[in-house]
Amino acid sequence: MKLLHFTLNNDPAVRLGIQTADGVIDLTGMDGLPTTLEAVMEAGKDALTPALSHTDDLIDEADINYAPCVLNPEKILCVGLNYARHAKESGADIPTSPVLFSKFNNTLASHGEDIPLPTNAEKYDYEVELGVIIGKTARYVSEEDALDYVFGYCTIDDLSVRDLQMRTSQWLLGKTMDKFMPMGPYIVTADEVADPQNLGLSCWVNGERRQNSNTSDMIFSVAQVISYASQYMTLKAGDIISTGTPEGVVLGMNPQVWLQPGDEATCEIEGLGKLTNRFVAE
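Remember, predicted model here, so these are calculated numbers, not experimental data. (Residues numbered from 1 in each chain as written. Predicted model: local features only at pLDDT ≥ 70, side-chain atom pairs only at ≥ 80, totals over all residues. Heavy atoms only, no water.)

Caption draft 1: Quick peek at the overall build of the protein. Counting secondary structure elements, the protein contains four helices and 19 strands. Computed over C-alpha atoms, the radius of gyration of the protein comes to 18 Å, within 12% of the 19 Å expected from 2.2 N^0.38 for 282 residues, which places it in the range of a compact globule. Counting the 282 residues in the protein, one finds 55% classified as buried. Restricting the contact set of the protein to residue pairs at least 6 apart, pairs at least 24 apart contribute 74%. Summed over its atoms, the accessible surface of the protein is roughly 12300 Å², and 46% of this surface lies on carbon and sulfur atoms. The protein carries 19 positive and 41 negative side-chain charges, and their two centres are separated by 6 Å. (Helix = DSSP H or I, 4+ residues; strand = E, 2+ residues; numbered from the N terminus. Rg over C-alpha atoms; globule rule 2.2 N^0.38 Å. Buried < 20%, exposed > 50% of the residue type's maximum accessible area, 1.4 Å probe, protein only. Contact = heavy atoms within 4.5 Å. Areas by Shrake-Rupley, 256 points an atom, 1.4 Å probe, with all protein chains shown as cover. Lys, Arg positive; Asp, Glu negative; His and termini not counted. Charge placed at Lys NZ, Arg CZ, Asp CG, Glu CD.)

Here is the structure:
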């Protein structure tokens, strides 16, 4: 099942919907059904099965405005240097433990949303990443059980500001500018992803493919990352884990041509949909 958040016409209220081949099913006002992502996670996605019969009033997807596929996560965790070939292009050693850092809710943005590039930095970079949405409380979980705690997956662009990221030993400043984690368009529920370690992922900039890899190149698998993080913090329903990017980012290029206003990036992960954003001057 593909879920999405969206707004419609001039109504600012964010709605939850189901994406189908024929249009979007709006869950707003459906009696007896969960109509928020949090409620769906608590009830289970099968609670939405009755909604699939509501095909008389489908919304054309071209008429909606997308919202971030998760609206208010308690935690946004990211994994740095988690692809072997990306670590090599960055000149970094292969990590022996997952390199975790955080983003904040101010970084959330949606498919189709313009991303502002402030003038107080220069080295703007793209990073296609597999996003993992936690579906229930996870603490001290094993690698063997870790995927049972995943509600779904999404496409993420973990935008980075390299000159700020490398200013100190802490990456935070270079990762947390406003709207610097667009995600979506959809959450694809975990049952539709047979193996998160065998998904093709790509990123195009202005139509030129820059990244083209597979999640099989991860150093630490999705299950390993979830298990590792859960040993040190409680993961909660709605938390997001962005699992790292493959090779092909500007940081590893020679010459390095950073993102500029007017550029457009499209990130795609196999089966999860394309995420496109345009960059504009702040």
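Caption draft 2: Local environment of the sheet that holds strand β16 (residues 208–214). Strands sit in the order β8-β19-β18-β15-β16 across an open sheet of five strands; the sheet is mixed. The open sheet has two free edges, formed respectively by β8 (115–117) and β16, since each of these has just one partner strand. Geometrically, the sheet is characterised by an average inter-axis angle of 20 degrees between neighbouring strands, direction not taken into account. (Pairing = 2+ DSSP bridges. Axes fitted to C-alpha atoms, helices over the stretch in contact; angles between N-to-C directions.)

Caption draft 3: Examining the environment of Gly 131 more closely. By secondary structure assignment, the location of Gly 131 is in strand β10 (residues 128–134). For the pair Gly 131 and Ile 240, spaced 109 residues apart in sequence, the C-alpha to C-alpha distance is 6.7 Å. Discounting chain neighbours no more than four positions away, the residues touching Gly 131 are Gly 152, Tyr 153, Cys 154, Ile 156 and Ile 241.

Caption draft 4: The arrangement of the state of the cysteines in detail. Evaluated as defined, the whole model comprises zero disulfides. The cysteine Cys 69 is free of any disulfide, with Cys 154 supplying the nearest cysteine sulfur at 4.0 Å. Owing to a relative accessible area of 2%, Cys 69 belongs among the buried residues under this scheme. Unpaired in terms of disulfides, Cys 203 finds its nearest cysteine sulfur in Cys 267, a separation of 3.8 Å. (Disulfide = S-S within 2.5 Å.)

Caption draft 5: Layout of the pairing of strand β18 (residues 264–269). Where strand β15 (residues 200–205) and β18 come together, five bridges link them in antiparallel fashion. Bridge assignment links Ser 202 to a residue of β18, and that residue is Glu 268. Sheet analysis places β18 next to strand β19 (residues 273–281), joined by six bridges and oriented antiparallel. Of the residues in β19, the one forming a bridge with Thr 266 is Thr 276. Here β18 folds back onto β19 in antiparallel fashion, the turn holding three residues, of which Gly 271 has a positive phi close to 85 degrees.

Caption draft 6: Structural context of the environment of Asn 198. As for its position among the elements, Asn 198 is in the loop between β14 (187–189) and β15. Residue classification places Asn 198 among the partly exposed residues on the basis of a relative accessible area of 48%. Spatially, the C-alpha atom of Asn 198 lies 24 Å from that of Thr 20, the residues being 178 residues apart in sequence. Here Asn 214 takes part through its side chain, which lies 3.5 Å from a polar atom of the side chain of Asn 198. (Polar contact = N/O pair within 3.5 Å; in protein donor to acceptor, adjacent residues only side chain to side chain.)

Caption draft 7: Spotlight on the pattern of salt bridges. For the coordinates displayed, the defined rule picks out 17 salt bridges. Here Asp 125 ties to Arg 162 by a salt bridge, and the two come within 2.9 Å at their closest N and O atoms. With Asp 125 in strand β9 (residues 124–125) and Arg 162 in helix α3 (residues 162–165), the pair connects residues that are 37 residues apart, well separated along the chain. In this structure Asp 125 comes out as buried when scored by relative accessible area, which is 0%. Here Lys 175 ties to Glu 127 by a salt bridge, and the two come within 3.3 Å at their closest N and O atoms. (Salt bridge = Lys/Arg side-chain N within 4 Å of Asp/Glu carboxyl O.)

Caption draft 8: Quick peek at the layout of surface pockets. Here the largest pocket is characterised by a volume of approximately 210 Å³. In this structure, the largest pocket is lined by 13 residues; those nearest its centre are Gly 135, Asp 148, Val 150, Phe 151 and Ala 190. Every element with two or more residues in the lining of the largest pocket is listed here: α1 (37–43) and β11 (150–157). Among the residues forming the lining of the largest pocket, the class breakdown is six nonpolar, three polar and four charged. (1 Å grid on protein atoms, 1.4 Å probe; cavity = no way out; pocket = protein on both sides within 12 Å on 5 of 7 lines; lining within 4 Å. Points joined across faces, edges and corners; volume = space filled by probe spheres on them. Nonpolar A, V, L, I, M, F, W, Y, C, P; charged D, E, K, R; others polar.)

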